[in-house]
Amino acid sequence: MTSLGALRPRLPSPLQELVDDRFARAGVRLLLKRDDLIHPDLVGNKWRKLAPNLTAAAGRTVLTFGGAYSNHLRATAAAGRLLGLDTIGVVRGQELSGRALNPSLARCAADGMRLHFVDRSTYRRKAEPEIAAAILRAANAEEAYVVPEGGSNALAVLGCRSLGQELRGHADLVALACGTGGTLAGLAAGLAPGQRALGIPVLKGGFLGDDIRALQHRAFGGPRGTWTLDDRFHCGGFARSTPELDAFAADFERRHEVPVERLYVAKLLYGLVTLAEEGAFPRGTTIAAVITGRPFP
């Protein structure tokens, strides 16, 4: 098995200042934390979350979970290819098993991941011990190292603490899009006193705050750092969009020549522009926006 160090991650990831009149009018300075440049295959926060889990797997088969367009499944499959690990992806939606693979799942398969499809009702209950055990048996993976959906567990939270540490002294506010909450839980813990984190959930439902608190309790024994969530920018839910969001992302790419990943990063940047125009940030604020991924395909 290849060591993680041999993959040569670009850490700390670059910090890039962006001049944008929408922020300038609000008296706000915008920085991009380019976690999308950490590694060409294990992109963005996926490196920070997967690296400690891959070390803990110690060469065992890695099994994890995700939907048909999961960035996390693709990153885990790529890690398996690069490190010589067997990987299994438990995919939400039994009905997908009889169809041609979409580009995201096709990439997983090309990287050697074995795909195991489960029905949606079972998938929703995957955290229940009996259901989890049944899924592992059905996938012939009872000895596998299990990573949760989105990669968010205590090890991932500890791995993401370095993101906050890298941003100490550089920004008043650090913002990122959130799926399962693990990156925000770790980021907030790594920031210095006086800095705060803002999460933009990409799923609707309002449940993420409890999940982040639970993740911090498992990783650190209690709450860490200062963080808040703004639930207004999910655009209907995960992988959902609106014509306005699509137009915003395309315009941002033209303005700044920065690729904008649509499932997470577009919602983050759209949210920040909206908040700046609402006057939500005191003049003189420096914001670091974490670019957690890049467009696929």
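The following refers to the structure shown. (Residues numbered from 1 in each chain as written. Predicted model: local features only at pLDDT ≥ 70, side-chain atom pairs only at ≥ 80, totals over all residues. Heavy atoms only, no water.)

**Some details on empty space enclosed by the protein**
- One pass over the structure, following the stated rule, counts 1 cavity of 30 Å³ or more.
- In this structure, the largest cavity encloses a volume near 40 Å³.
- Together, Cys178, Gly179, Pro201, Leu203, Lys204, Gly205, Gly206, Phe207, Leu208 and Asp231 line the largest cavity.
- Residue classes in the lining of the largest cavity are distributed as 5 nonpolar, 3 polar and 2 charged. (1 Å grid on protein atoms, 1.4 Å probe; cavity = no way out; pocket = protein on both sides within 12 Å on 5 of 7 lines; lining within 4 Å. Points joined across faces, edges and corners; volume = space filled by probe spheres on them. Nonpolar A, V, L, I, M, F, W, Y, C, P; charged D, E, K, R; others polar.)

**Regarding helix 11 (residues 265–278)**
- Between its first and last C-alpha, helix 11 extends 20 Å over 14 residues, near the 20 Å set by a 1.5 Å rise per residue.
- With respect to burial, helix 11 is a largely interior element, 12 of its 14 residues being buried.
- The elements touched by buried residues of helix 11 are helix 1 (21–24), strand 2 (29–33), strand 7 (173–178), strand 8 (196–201), helix 10 (243–256) and strand 10 (286–290). (Helix = DSSP H or I, 4+ residues; strand = E, 2+ residues; numbered from the N terminus. Expected span 1.5 Å × (residues − 1). Buried < 20%, exposed > 50% of the residue type's maximum accessible area, 1.4 Å probe, protein only. Contact = heavy atoms within 4.5 Å.)

**As for the sheet that holds strand 2**
- The strand order across the open sheet built from 6 strands is 1-2-10-7-8-9, with neighbouring strands paired in mixed fashion. Unpaired on one side and paired on the other, strand 1 (15–18) and strand 9 (227–229) mark the two borders of the sheet. If you compare each strand with its neighbour and ignore which way they point, the axes differ by 25 degrees on average.
- Relative to strand 10, strand 2 is paired through 5 bridges, and the arrangement is parallel. The residue bridging Leu30 from the neighbouring strand is Ile287, located in strand 10.
- Where helix 8 (residues 182–190) meets the sheet, it contacts strand 7, strand 8 and strand 9, and its direction lies at approximately 165 degrees from that of strand 7. (Pairing = 2+ DSSP bridges. Axes fitted to C-alpha atoms, helices over the stretch in contact; angles between N-to-C directions.)

**Considerations on the environment of Leu96**
- Residue position: Leu96 is located in the loop between strand 4 (87–92) and helix 4 (103–110).
- In the structure, Leu96 is positioned 91 residues away from Gly5 in sequence and 36 Å away in space, judged by C-alpha atoms.
- Among residues more than four places away in sequence, those in contact with Leu96 are Ala68, Val91 and Phe117.

**Observations concerning helix 3 (residues 71–83)**
- For helix 3, spanning 13 residues, the distance from its first C-alpha to its last is 18 Å, which sits close to the expected 18 Å at 1.5 Å a residue.
- Most of helix 3 is tucked away, with 11 of its 13 residues classed as buried.
- Of the positions making up helix 3, those classed as buried are Asn71, His72, Leu73, Arg74, Ala75, Thr76, Ala77, Ala78, Ala79, Gly80 and Leu83.
- For helix 3, the secondary structure elements touched by its buried residues are helix 2 (45–57), strand 3 (62–66), strand 4 and helix 4.
- Between the side-chain oxygen of the N-cap and the backbone nitrogen of His72 there are 3.2 Å, and the N-cap of helix 3 in question is Ser70. (Polar contact = N/O pair within 3.5 Å; in protein donor to acceptor, adjacent residues only side chain to side chain.)

**Details of the packing of helix 10 against helix 11**
- Running from amino to carboxyl end, helix 10 crosses helix 11 at an angle of 90 degrees, the nearest separation of the two axes being 10 Å. Taken together, the axis directions place helix 10 and helix 11 in an arrangement best described as roughly perpendicular. Residue-level contacts link Glu244, Leu245, Phe248, Ala249 and Phe252 of helix 10 to Ala266, Lys267, Leu269, Tyr270 and Val273 of helix 11.
- A class-by-class count of the residues in the contact of helix 10 with helix 11 yields 8 nonpolar, no polar and 2 charged. (Parallel < 35°, antiparallel > 145°, perpendicular 65-115°, else oblique.)

**What about the packing of aromatic side chains?**
- Applying the stated criterion to the full structure yields 5 aromatic pairs.
- Centre to centre, the rings of Phe233 and Tyr270 are 6.2 Å apart; their planes meet at 85 degrees, and the pair counts as edge-to-face. With Phe233 in the loop between strand 9 and helix 10 and Tyr270 in helix 11, this pair connects stretches of sequence that are 37 residues apart. The pair formed by Phe233 and Tyr270 is uniform in burial state, with each residue classed as buried.
- Members of the aromatic cluster, connected to one another through ring pairs, are Phe233, Phe248, Phe252 and Tyr270.
- A cation over an aromatic ring shows up here: Arg74 above the ring of Phe296, its NZ or CZ 3.8 Å from the ring centre. (Phe/Tyr/Trp six-rings, centres within 6.5 Å; stacked < 30°, edge-to-face > 60°. Lys NZ or Arg CZ within 6 Å of the ring centre and 35° of its normal.)

**Thoughts on the sheet that holds strand 4**
- The 4 strands are arranged 5-4-3-6 in an open sheet whose pairing can be described as parallel. Two strands lie at the open edges of the sheet, namely strand 5 (114–118) and strand 6 (145–146), each paired on one side alone.
- Bridging between strand 3 and strand 4 involves 5 bridges; their strand directions are parallel. Considered in strand 4, the bridge of Thr64 is made with Gly89.
- The strands that helix 3 touches are strand 3 and strand 4; relative to strand 3, the one it contacts most, it runs at about 160 degrees.

**Side note on the nonpolar core**
- By size, the foremost hydrophobic cluster in this structure holds 35 residues, and its most contacted members are Leu32, Leu269, Leu272 and Phe281.
- Broken down by secondary-structure element, the contributors of at least two residues to this core are strand 2, strand 7, strand 8, helix 10, helix 11 and strand 10.
- Counting residues per element, this core draws most heavily on helix 11, at 9 residues.
- Aside from chain neighbours lying at most four places away, what touches Leu272 is Phe23, Ala175, Leu198, Phe281, Ile287 and Ala289. (Core = buried A, V, L, I, M, F, W, Y, C linked by side-chain atoms within 4.5 Å.)

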